[in-house]
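# Understanding the architecture of this molecule
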Amino acid sequence: MATETPPSRYRRLRKAYDSSTVAVASPPHKRMRMDKKRTSREDRISSLPDEILIMILDKLDTRTTVTTIILSKRWRDLPRRSTTCYNLAVDDMLPPRYHRLKRLNIEAKAMYEAEKRAHKLNDIYAIKARHERWMTKIRPLTVSLGRYERRAMRRYVKQVNAFLLAPKSVRQHRSVRKLRLQTVGPGWHSSLDQWTTIAIAKWGVEDFELVTDGGCFSYNLKKLDRYRNVQLKRLVLFNCVPLRVWDCLTAQRLTKLSLCKYSFMGMVNEILTNCVQLTDFSLMFSSYSRPAFDIDVPTSKIKKLQVDSCNFRKIYLISLPCLETFACRGRPIKLHYGEVPQLRHVSLDYLQTEDDDKDDESGSSRTYPPSKFFKRVPPLDCLVLQFKGPQMWIEPLGVPGPFSQLKKLLIVNVPMNWDIHWILLLLDAAPALESFHVHVDTSLGERSRCGIYADLDNDAQQHQYRRLKELIVAGFDGVGWQTGFVRLIMKRSPMLRRLHLLDGEVKDDGQEMGGLQIVPRRREWHECERAEVLDDITAGFHSQPPEIVLE
């Protein structure tokens, strides 16, 4: 019983691989089938010429291209023609379950912080007891996340080592201009230090981004000063120890610098003073708390400044003589403009939530007049505004200093339950305005019924927008208050030539802050409905109406 004969199909396979048996007993058609089986085991891809393999590599994404380096030394030594940008992210190696657990972990921590604020705990023992209760939920998630991260990082280290630690002959045939590295979890600082030096000093990377999750990484840029092949121009650091830029030649060559999260801990004036060639500077997601953020660098060449989700209350642009574009996003921050004679483009994206809309002294909802964001503002050409929140926090007051040279105004994501009187007051302060884009977010709340249009129409001292030539209204669905708003603008704009009404939304293009684009949603207007809307808009106009596009 112990020596059972295998099934007949296994005997046939065994005989097929026995060359002596096949040569004698197999008919011709079986020999042909056997030859096909033999050739199917051959590595036909490796037998292709280098030109064909290079064409295959050019069609692959970054992650697959780097993976092929581990499979064969021949693939590693092949040059790349078109790919010069590599995004080596460890997120691609983490399973979907990891991201679900991480989301649960973040939600649990947020619920703990919300509960602590709601109960206003001051007793250390009460805080400790509540913390221990929440940690029983968070600790198992943290253990599972750490296990996934260690597995993914071991694979990630092998791939990055195979890519960056290639011999000199490979570096001569492969160009890497832009590189992004990412690590998760603690304990990988030695690898990061080696990768950073090799990527910048030996590969000649010009645009380098380093993201570390799970711990701060310290790197001294001065060690790169002894290398000749350093071409670094743009640097992005996420969760890295603040830069040491004093007397550093590598830092002096930078033209773009972005510091995210714990990478910025103050000393902005020292950074801008030492980075003499810097023209683009960004601060993002910094938890560094300071009531007033001052920038005073008269020798700076900064042309573009971005402040995104930082813990500041006020920003003083005291002296930036070359600044042309300023963008700020997060909760409302008061702005003071000093010596910024070249500033022409300002973008403000403010969101006030229920957590930070209470005044510290009175306890009532905090509101801001527009003058708090345009104090001593220089003559602007373009202004982009996104003021959002569950409750209206903009006071309907006029701007004391008019925008005498403003040519383009873009106001997007206006909550539907807000009063739009402040928009009209802003238009009154821009006599040279030529293009006005406004987007109303119809998904938030309902419009309050008020008769502001009748009051403004009866105002004898109403302003005239004599240079306005273009009006674009996104989120238009033909309701009464929207039609009244459009009629009011048309009545005050004798030079209006184009009116575009569309049912769309505004999205960030993802390239830079303030870079917005209107994404239209094709709406099928009924002929009767279209005619009724157009009649409501043009009724009562004796002169030739502008070109109206309704979609």
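Residues numbered from 1 in each chain as written. Predicted model: local features only at pLDDT ≥ 70, side-chain atom pairs only at ≥ 80, totals over all residues. Heavy atoms only, no water.

### Some thoughts on the overall build of the protein
When its secondary structure is counted, the protein shows 16 helices and 20 strands. Counting over 551 residues, the protein shows a buried share of 43%. Taking all contacts inside the protein whose residues are at least 6 apart in sequence as the whole, residues at least 24 apart take part in 64%. Surface accessibility of the protein: about 29600 Å² in total, with carbon and sulfur atoms responsible for 51%. (Helix = DSSP H or I, 4+ residues; strand = E, 2+ residues; numbered from the N terminus. Buried < 20%, exposed > 50% of the residue type's maximum accessible area, 1.4 Å probe, protein only. Contact = heavy atoms within 4.5 Å. Areas by Shrake-Rupley, 256 points an atom, 1.4 Å probe, with all protein chains shown as cover.)

### Remarks on the state of the cysteines
Tallied over the full model, the rule gives zero disulfides. Free cysteine Cys-260: the closest other cysteine sulfur is in Cys-310, separated by 9.1 Å. (Disulfide = S-S within 2.5 Å.)

### Section: the packing of aromatic side chains
Applying the stated criterion to the full structure yields 18 aromatic pairs. An angle of 5° between the planes, with centres 4.4 Å apart, marks the rings of Phe-293 and Phe-312 as stacked. Here Phe-293, found in strand β7 (residues 290-296), pairs with Phe-312, found in strand β9 (residues 312-319); they are 19 residues apart in sequence, far enough to count as distant. Classification of Phe-293 by relative accessible area gives buried; the value is 0%. A relative accessible area of 0% places Phe-312 in the buried class. Ring pairing ties together the aromatic residues Tyr-350, Tyr-368, Phe-373, Phe-387, Trp-393, Trp-418 and Trp-422, which thus form one cluster. (Phe/Tyr/Trp six-rings, centres within 6.5 Å; stacked < 30°, edge-to-face > 60°.)

### Describing the sheet that holds β7
Strands sit in the order β7-β9-β11 across an open sheet of three strands; the sheet is parallel. Edge positions in the open sheet fall to β7 and β11 (334-339), since each of these has one partner strand only. Taken over all neighbouring pairs, the strand axes of this sheet differ in orientation by 10° on average, direction set aside. Where β7 meets β9, six bridges bridge the pair, whose relative direction is parallel. The partner of Asp-294 across the bridge, within β9, is Tyr-316. (Pairing = 2+ DSSP bridges. Axes fitted to C-alpha atoms, helices over the stretch in contact; angles between N-to-C directions.)

### Brief notes about a positive patch on the surface
A contiguous patch of positive charge on the surface is contributed by Arg-97, Arg-100, Arg-103, Arg-147, Arg-150, Arg-151, Arg-154 and Lys-158. Residue assignment for the positive patch shows that the elements contributing at least two residues are α7 (96-119) and α8 (124-164). Examining the composition of the positive patch, we find that five residues originate from one element, α8, more than from any other. Within the fold, Lys-158 resides in helix α8. (Patch = residues over 30% accessible without salt bridge, like charges linked within 9 Å, V, L, I, M, F, W, Y side chains within 5 Å. Salt bridge = Lys/Arg side-chain N within 4 Å of Asp/Glu carboxyl O. Lys, Arg positive; Asp, Glu negative; His and termini not counted. Charge placed at Lys NZ, Arg CZ, Asp CG, Glu CD.)

### What about the nonpolar core?
Counting 128 residues, the largest nonpolar core has Phe-326, Leu-348, Phe-403 and Phe-436 as its most contacted members. With ten residues, α8 is the single largest residue contributor to this core. (Core = buried A, V, L, I, M, F, W, Y, C linked by side-chain atoms within 4.5 Å.)

### Regarding helix α15 (residues 480-491)
Each full turn of the α-helix corresponds to 3.6 residues, which orients residues three or four apart in the same direction. Helix length check: α15 (twelve residues) gives 16 Å between terminal C-alpha atoms against 16 Å at 1.5 Å per residue, within 8%. Here α15 lies mainly inside the structure; nine of its twelve residues are buried. Trp-481, Gln-482, Thr-483, Gly-484, Phe-485, Val-486, Leu-488, Ile-489 and Met-490 are the residues of α15 that are buried. (Expected span 1.5 Å × (residues − 1).)

### Examining unusual backbone geometry
Of note in this structure, Phe-285 is not a glycine but carries a positive phi near 55°. Residue Phe-285 is classed as partly exposed on the basis of its relative accessible area, which comes to 41%. The phi angle at Ser-309 is positive, at roughly 55°, despite the residue not being glycine. Here Ser-309 shows up in the loop between β8 (304-308) and β9. Residue classification places Ser-309 among the partly exposed residues on the basis of a relative accessible area of 32%.

### What to know about the pattern of salt bridges
Oppositely charged side chains can form a pair if their charged atoms are brought close together. Tallied over the entire structure, the rule returns nine salt bridges. Measuring nitrogen to oxygen at the nearest pair gives 3.3 Å for the salt bridge that ties Glu-470 to Arg-498. Of the two residues, Glu-470 is situated in strand β16 (residues 470-474) and Arg-498 in strand β17 (residues 498-502); the sequence distance between them amounts to 28 residues. Through salt bridges with shared partners, one network takes in Arg-177, Glu-206, Asp-207 and Arg-234.

### Describing the confidence of the model for the protein
On average, residues of the protein score 79 in pLDDT, and 77% of them are at 70 or above. Low pLDDT, under 50, characterises residues 6-26; the predicted model gives this stretch 15 contacts beyond four residues in sequence or across chains. Scored below 50 in pLDDT, residues 449-461 shows 17 contacts in the model against residues more than four places distant or in partner chains. (pLDDT = per-residue confidence, 0-100.)

### A few points about a nonpolar patch on the surface
Side chains of Ile-52, Met-55 and Ile-56 sit close together on the surface and give an oily, nonpolar patch of about 240 Å² of accessible area. Take Ile-56: it is sitting in helix α4 (residues 50-58). Given a relative accessible area of 32%, Ile-56 falls into the partly exposed group.

### Some details on the side chain of Asp-207
By the secondary structure assignment, Asp-207 is in strand β3 (residues 207-213). Within polar-contact distance, the side chain of Asp-207 engages the side chain of Arg-234 at 3.2 Å. Leave out the neighbours within four places in its chain, and Asp-207 touches Arg-177, Lys-178, Leu-179 and Arg-234. (Polar contact = N/O pair within 3.5 Å; in protein donor to acceptor, adjacent residues only side chain to side chain.)

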